Amino acid sequence: MTPAEGAATFRAATDMYGRFVGRYASALAAALIDVAGVEPGQRALDVGCGPGGLATALAEVVGPEHVAAVDPSQPFVSVCRARLPSADVRVAAAEELPFADDSFDAALAQLVVNFMDDAERGVGEMKRVVKPGGAVAACTWDYRDGMTLLRAFWDAARDVAPEEAAKADEASIMRYATLDELTALWRQVGLEEVEGGELSVSAHYDDFDDLWSPFLTGIGPAGAFCASLGPEAQEDLRAAMARRLGNREGSFELSARAWYAVGRTTS
C-alpha cells in the first residue's frame, strides 16, 4: 500500500477516525500550535484538516472566523464545517491550495505531510499562502519507535504475517517520518529558521477492545492490513498485539511521539 492509498482509507471511515489516531488530535494540535507560535488575531490555515481536530484547536486561539481549512475528502470537510461553521473550510488538496499568496500568518499540517501525493509541492503551497515572516509547521508520527499504538500493531503483524507486514509497515513505507527527513523537506522548499523536535502526547482507552475495534474497519494503513486478513489471522493478530502491550486489563493510556518541523517564510 502506498501512502496515497493509505490516505484513502482514512477518508472511507470518517466516523471511526476519532476512535483511532483522532484520540491524540487535540493534545497534538495544542502542542503543534505552540511550537508554531500561533497567536490570537492571526489568520491560520489547517492543511489536510480531516474532521477538524487541528482547525478546532486553532479556532480556540485565533477565533473561528480567522481559521481556514482544506481536505481532499468531502466527508471530512462536511464534519469540519459542522464543527466550525464560521471557518472557511473547503475541499482541496495540499498541492493546490485555493488561496491567494500571503493570505495567512501561519499554515499548519497535522499528520498529513507523509500522505501528500507530492509533499514538496504541498509544503511549497503552504509556504506560498503564508505572509512574509509567517510560520509553516507540520508534524508526523514517529512510526519507528515512538507511536506506541502503531508500533505495537506492526510488530504484532510481523509476528503473524511477517512477509506481508514487512511490505506494509508504516515505519518502512512512510516518508518524512524522521526528524532529519522532515526538517530537510522544510529547508528544501526554501523555508528559513527551520527548527524541529518531538511532540509527546497520550490517549486513553477504556479497554483493549476499545483500542482494537477501529482496526477491523480498515481505517488507515494498519486497519487496511488488518481488514485484508482472514478471521483466524485477525484473531491471531489481536492476540499478538495484546501481548505486545502487556495483556492489559481495564483502562489504560498509550504514549505517542510525533516529529515536528517549523520554518519561516522569507521576510
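Structure report, in brief. (Residues numbered from 1 in each chain as written. Predicted model: local features only at pLDDT ≥ 70, side-chain atom pairs only at ≥ 80, totals over all residues. Heavy atoms only, no water.)

A few words on the overall build of the chain. On a plain count of helices and strands, the chain comes out with 13 helices and seven strands. Structurally, the chain occupies a C-alpha span of about 55 × 35 × 30 Å along its principal axes. Relative to all contacts within the chain whose residues are 6 or more apart in sequence, the contacts with residues 24 or more apart total 75%. Here the chain has roughly 10,900 Å² of accessible surface; of this, 45% comes from carbon and sulfur atoms. Within the chain, one finds 23 positive and 41 negative side-chain charges whose respective centroids are separated by 1 Å. (Helix = DSSP H or I, 4+ residues; strand = E, 2+ residues; numbered from the N terminus. Contact = heavy atoms within 4.5 Å. Areas by Shrake-Rupley, 256 points an atom, 1.4 Å probe, with all protein chains shown as cover. Lys, Arg positive; Asp, Glu negative; His and termini not counted. Charge placed at Lys NZ, Arg CZ, Asp CG, Glu CD.)

Counting residues in hydrophobic clusters, the biggest one holds 74 residues, and the most contacted among them are Trp141, Phe153 and Met241. Considering every element that reaches this core, the biggest residue donor is helix 7 (residues 148-160), with seven residues. With residues near it in sequence (within four places) discarded, Met241 still touches Leu149, Ala152, Phe153, Ala156, Phe208, Leu211, Trp212 and Phe215. (Core = buried A, V, L, I, M, F, W, Y, C linked by side-chain atoms within 4.5 Å. Buried < 20%, exposed > 50% of the residue type's maximum accessible area, 1.4 Å probe, protein only.)

So, about the packing of aromatic side chains. Tallied over the entire structure, the rule returns 11 aromatic pairs. Between the aromatic rings of Phe153 and Trp154, the centroid separation amounts to 5.0 Å while the plane-to-plane angle is 90°, which identifies the pairing as edge-to-face. Given the relative accessible area of 0%, Phe153 is considered buried. Here the aromatic rings of Trp212 and Phe215 are separated by 5.6 Å at their centres, their planes lie at 35°, and the arrangement is tilted. Judged by relative accessible area, Trp212 falls into the buried class, the value being 4%. An aromatic cluster of three or more residues is present, and its members are Phe20, Phe153, Trp154, Phe208, Trp212, Phe215 and Phe225. (Phe/Tyr/Trp six-rings, centres within 6.5 Å; stacked < 30°, edge-to-face > 60°.)

On to the layout of surface pockets, then. Counted as a void, the largest pocket has a volume near 740 Å³. Taken together, 43 residues make up the lining of the largest pocket; nearest its centre are Gly48, Gly50, Asp71, Leu111 and Val112. Listed by contribution, the elements that provide at least two residues to the lining of the largest pocket are helix 1 (3-11), helix 3 (25-36), strand 1 (44-47), helix 4 (53-62), strand 2 (67-71) and helix 5 (74-83). Ranked by the residues each element gives to the lining of the largest pocket, the list is headed by helix 4, at five residues. Of the residues belonging to the lining of the largest pocket, the class tally is 27 nonpolar, eight polar and eight charged. (1 Å grid on protein atoms, 1.4 Å probe; cavity = no way out; pocket = protein on both sides within 12 Å on 5 of 7 lines; lining within 4 Å. Points joined across faces, edges and corners; volume = space filled by probe spheres on them. Nonpolar A, V, L, I, M, F, W, Y, C, P; charged D, E, K, R; others polar.)

Turning next to helix 13 (residues 231-244). Between its terminal C-alpha atoms helix 13 stretches 20 Å, which fits the 20 Å expected from 14 residues at 1.5 Å a residue. Structurally, helix 13 contributes buried residues whose contacts are with helix 7, helix 11 (208-212) and helix 12 (220-228). Looking at the residues trailing helix 13, positive phi occurs at Gly246, about 85°. (Expected span 1.5 Å × (residues − 1).)

Time to look at the pattern of salt bridges. Following the criterion strictly, the structure yields 15 salt bridges and no others. Two residues, Asp209 and Arg238, come together in a salt bridge whose shortest N-O distance is 2.3 Å. Placement of the pair is Asp209 in helix 11 and Arg238 in helix 13, with a sequence separation of 29 residues. Among the residues examined, Asp209 registers a relative accessible area of 45% and is labelled partly exposed. Connected through shared salt-bridge partners, Arg151, Asp155, Arg158 and Asp169 make up one network. (Salt bridge = Lys/Arg side-chain N within 4 Å of Asp/Glu carboxyl O.)

Of all 12 residues in strand 5 (residues 130-141), nine are buried, a share of seventy percent or more. In this sheet, strand 5 lies alongside strand 4 (residues 104-110) in parallel orientation, the contact comprising six bridges. In the sheet register, Ala107 faces strand 5, and the bridge partner there is Val136. With helix 6 (residues 119-128) bridging strand 4 and the parallel strand 5, this β-α-β connection has right-handed handedness. Of the strand pairs in this sheet, strand 5 and strand 7 (residues 252-264) are connected by seven bridges, and their pairing is antiparallel. Across the sheet, residue Ala138 finds its bridge partner in strand 7, namely Ala261. (Pairing = 2+ DSSP bridges. Right-handed = clockwise from strand over helix to strand, strands pointing away.)

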